[in-house]
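What follows is the residue order along each chain.
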Amino acid sequence: MKEVTAGSQAAALMTVLDLEQADTDVYVGRTPRSPLQRIFGGQVAGQALMAATRTLPEDRSVHSLHSYFLRPGDPHEEIRYAVDRIRDGRSFTTRRVVAWQRRNGADVAIFSLTADASAPQPVVAEHTRPMPEVPAAETLPTLAELVAPYGEHASTALAISQAVEQRLMEDPFSRAPKVPPHTKTHAWMRVAGRLPEQPAVHAAALTFVSDLTLLSAGLARLGGGWGGRYVGASLDHAVWFHQPVQADEWFLYETDSPAATGGRALCYGDIWSADGRHVASVVQQGLIRSLER
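Before going into details, it helps to say that this report is about the structure given with it. All values reported here derive from a predicted model rather than from experimental measurement. Think of each chain on its own: its residues are numbered from 1, step by step along the sequence as written. Totals for whole chains, interfaces and linings use every residue, but because this is a predicted model, local features are given only for residues with pLDDT of at least 70 and side-chain atom pairs only at 80 or more, for both listing and counting. Hydrogens are left out, water is left out, and the side-chain values use all remaining heavy atoms of the structure.

1. As for the overall build of the chain
Along its length, the chain carries 6 helices and 12 strands. With the radius of gyration taken over C-alpha atoms, the globule rule is written as 2.2 Å times the number of residues to the power 0.38. Against the globule reference of 19 Å for 293 residues, the chain gives a C-alpha radius of gyration of 19 Å, in line with a compact fold. Viewed in the frame of its principal axes, the chain has a C-alpha envelope of about 50 × 50 × 45 Å. In the structure as shown, the chain presents an accessible area of about 14,900 Å², 52% of it carried by carbon and sulfur atoms. A positive count includes Lys and Arg, and a negative count includes Asp and Glu. His and the chain ends are not counted in either. Taken as the charge location is NZ of Lys, CZ of Arg, CG of Asp or CD of Glu. Where the 28 positive side-chain charges of the chain centre and where its 32 negative ones centre are 6 Å apart. The numbering of helices and of strands both runs from the N terminus, where a helix is a DSSP run of H or I of at least 4 residues and a strand a run of E of at least 2. Residue-level accessible areas treat just the shown protein chains as cover; the underlying method is Shrake-Rupley with a 1.4 Å probe.

So this is what it looks like as structure tokens:
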């Protein structure tokens with residue numbers, strides 16, 4: 001894997017994504033120091049996708065992934081990613097990845113992912129959602145500027161996103177409940193610094209970032225914003241890659257939640273490049289609980 005420029009903030013993310021091979025189809029991922037008591041879900045998803053792509057033929061790229069968060073990840077234990085080469089067809093390749101950690105002397109699965117990849121296919125039908133009209137990223141305050149009034153209350157949010165620049169269009173800590181038809185949230189994001197020019201790295205980086213704010217869509221109709229009366233956890237996560245992704249350039253992330261019931265919220269996300277290309281779609285179901293119970 002190509003080196004990242006020394007001192008670049010992207011180096012923090014590449015430290016996460018650059019896995020060590022421990023055995024045939026077994027890779028080890030590192031977790032950066034964090035004040036969190038559990039590993040950020042996007043980290044595990046991004047690392048699992050990188051493990052899957054390490055075993056793909058050179059002419060194939062991932063077009064979709066489906067994953068489940070099985071247990072909270074322990075940031076003090078290494079994660080081992082075991083890849084199962086399920087299928088190598090003429091046009092499509094499928095990989096299953098299970099992430100393992102040691103708990104009380106035993107191996108336990110904390111995450112599972114299935115990824116499908118394909119060789120280039122002829123275009124038969126092509127259509128896309130147009131990008132919404134929103135303010136340009138450069139016209140919006142940085143995340144640090146936006147959350148500065150909240151002091152230490154914003155430290156966790158800033159720690160999670162240290163490798164990712166965010167330009168939000170509303171105060172994430174003070175939100176009125178969203179009501180139909182205005183239930184969508186928009187944010188510009190990009191990996192800070194420059195990533196290697198490898199499509200697999202950019203797809204894994206986008207997967208990492210896609211878990212950063214998606215569950216907030218499930219809380220949007222409750223109001224209050226980050227650090228409010230509710231807590232959430234990702235249960236599953238799926239990404240469809242429609243076009244090549246450049247994760248270190250600005251992309252627009254639109255999120256919404258069409259349904260919530262039984263303590264679970266279904267959240268949708270669409271991602272556009274700055275030039276208006278619809279590059280990916282994301283779906284996640286998350287657990288939402290009240291802190292007042």
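2. Notes on the environment of Thr261
You can see Thr261 is positioned in strand E10 (residues 251-261). Residue exposure (1.4 Å probe, protein chains only): buried if accessible area is under 20% of the type maximum, exposed if over 50%, otherwise partly exposed. With relative accessibility at 57%, the residue Thr261 sits in the exposed group. The sequence separation of Thr261 and Leu287 amounts to 26 residues, and the corresponding C-alpha distance is 9.8 Å.

3. Considerations on the pattern of salt bridges
Here, a salt bridge means any Lys or Arg side-chain nitrogen found within 4 Å of an Asp or Glu carboxyl oxygen. All told, the structure shown has 15 salt bridges when counted by the stated rule. Counted as one network, the salt bridges with shared partners bring together Arg80, Arg102 and Asp107.

4. Looking at the nonpolar core
Counting residues in hydrophobic clusters, the biggest one holds 67 residues, and the most contacted among them are Leu49, Tyr81, Val97, Phe111, Phe241 and Ile271. Only heavy atoms enter the contact rule, under which two residues are in contact if any of them lie within 4.5 Å. Not counting chain neighbours up to four residues away, the residues in contact with Leu49 comprise Val62, Leu65, Leu113, Ala115, Ala203, Ala204, Thr207 and Phe241. With 6 residues, the next largest nonpolar core counts Leu140, Trp188, Leu252 and Trp272 among its residues. Nonpolar cores are built from buried Ala, Val, Leu, Ile, Met, Phe, Trp, Tyr and Cys residues. Side-chain atoms within 4.5 Å join them into one set.

5. Some points on empty space enclosed by the protein
The method is simple in principle: a probe with the dimensions of a water molecule rolls over the atoms, and the space it marks as empty is what remains. Using protein atoms alone on a 1 Å grid, points that fit a 1.4 Å probe yet trap it form a cavity, whereas open point sets bounded by protein on both sides within 12 Å along at least five of seven lines form a pocket; residues with an atom within 4 Å of a point count as lining. Grid points are joined across faces, edges and corners, and a volume is the space filled by probe spheres set on the points. Tallied over the entire structure, the rule returns 2 cavities of 30 Å³ or more. There is about 100 Å³ of room inside the largest cavity. Every residue lining the largest cavity is listed: Leu168, Arg175, Thr185, His186, Ala187, Met189, Thr213, Ser216, Ala217, Trp226, Tyr253 and Thr255. For the lining of the largest cavity, the elements supplying multiple residues, two or more each, are strand E8 (185-191), helix H6 (216-219) and E10. The leading source of residues in the lining of the largest cavity is E8, at 4 residues. Only Asp, Glu, Lys and Arg are considered charged in this grouping, and only Ala, Val, Leu, Ile, Met, Phe, Trp, Tyr, Cys and Pro are considered nonpolar; every other residue, Gly among them, is considered polar. Class assignment for the residues of the lining of the largest cavity results in 6 nonpolar, 5 polar and 1 charged. Space inside the second largest cavity adds up to approximately 50 Å³.

6. Considering the sheet that holds strand E12 (residues 278-290)
Two pairing modes exist for strands in a sheet, parallel and antiparallel, and in both the strands are linked by backbone hydrogen bonds. Read from one edge of the open sheet, 12 strands run E1-E2-E4-E5-E6-E3-E9-E12-E11-E10-E8-E7, paired in antiparallel fashion. Each having just a single partner strand, strand E1 (20-23) and strand E7 (164-168) make up the two edges of the open sheet. Sheet twist, expressed as the mean angle between neighbouring strand axes with direction ignored, is 30 degrees. A pair of strands is considered paired only if DSSP assigns at least 2 bridges between the two. One ladder, built from 5 bridges, connects strand E3 (residues 61-69) with strand E9 (residues 230-241); its direction is antiparallel. Its bridge partner being in E9, Ser64 is matched across the sheet by Trp240. Every angle, taken between N-to-C directions, lies between 0 and 180 degrees, and every axis is a line fitted to C-alpha atoms, over only the stretch in contact when it is a helix. Sheet strands in contact with helix H2 (residues 41-53) are strand E2 (26-29), E3, strand E4 (79-88), strand E5 (92-103), strand E6 (106-118) and E9, and its direction is about 45 degrees off that of E4. Most of the contacts of helix H5 (residues 199-210) go to E9, to which it runs at about 150 degrees, and overall it touches E3, E7, E8, E9, E10, strand E11 (264-273) and E12.

7. Some points on the packing of H2 against H5
At a closest axis distance of 7 Å, the pairing of H2 and H5 adopts a crossing angle of 160 degrees. The angle between H2 and H5 places the two elements in the roughly antiparallel class. The way H2 lies across H5 gives a crossing that is right-handed. Between H2 and H5, the residues in contact are Gly42, Gln43, Ala45, Gly46, Leu49, Met50 and Thr53 and Ala200, Val201, Ala203, Ala204, Thr207 and Phe208, respectively. Classifying every residue of the contact of H2 with H5 by side-chain character gives 8 nonpolar, 5 polar and no charged. Any angle that falls under 35 degrees is termed roughly parallel, while one over 145 is termed roughly antiparallel, one within 65 to 115 roughly perpendicular, and all others oblique. Handedness of each helix crossing follows the sense of rotation of the near helix against the far helix: counterclockwise by less than a right angle gives left-handed, clockwise gives right-handed.

8. Points about the pairing of E7
The buried fraction of E7 is high, at 4 of 5 residues. Inspection of the sheet shows E7 paired to E8 by 5 bridges, in the antiparallel sense. Bridged to Gln166 within E8 is Met189.

9. Some points on the pairing of E1
One ladder, built from 3 bridges, connects E1 with E2; its direction is antiparallel. Counted as the bridge partner of Gln21 is Tyr27 from E2. What sits between E1 and E2 in their antiparallel hairpin is a turn of 2 residues, with Asp25 showing a positive phi close to 60 degrees.

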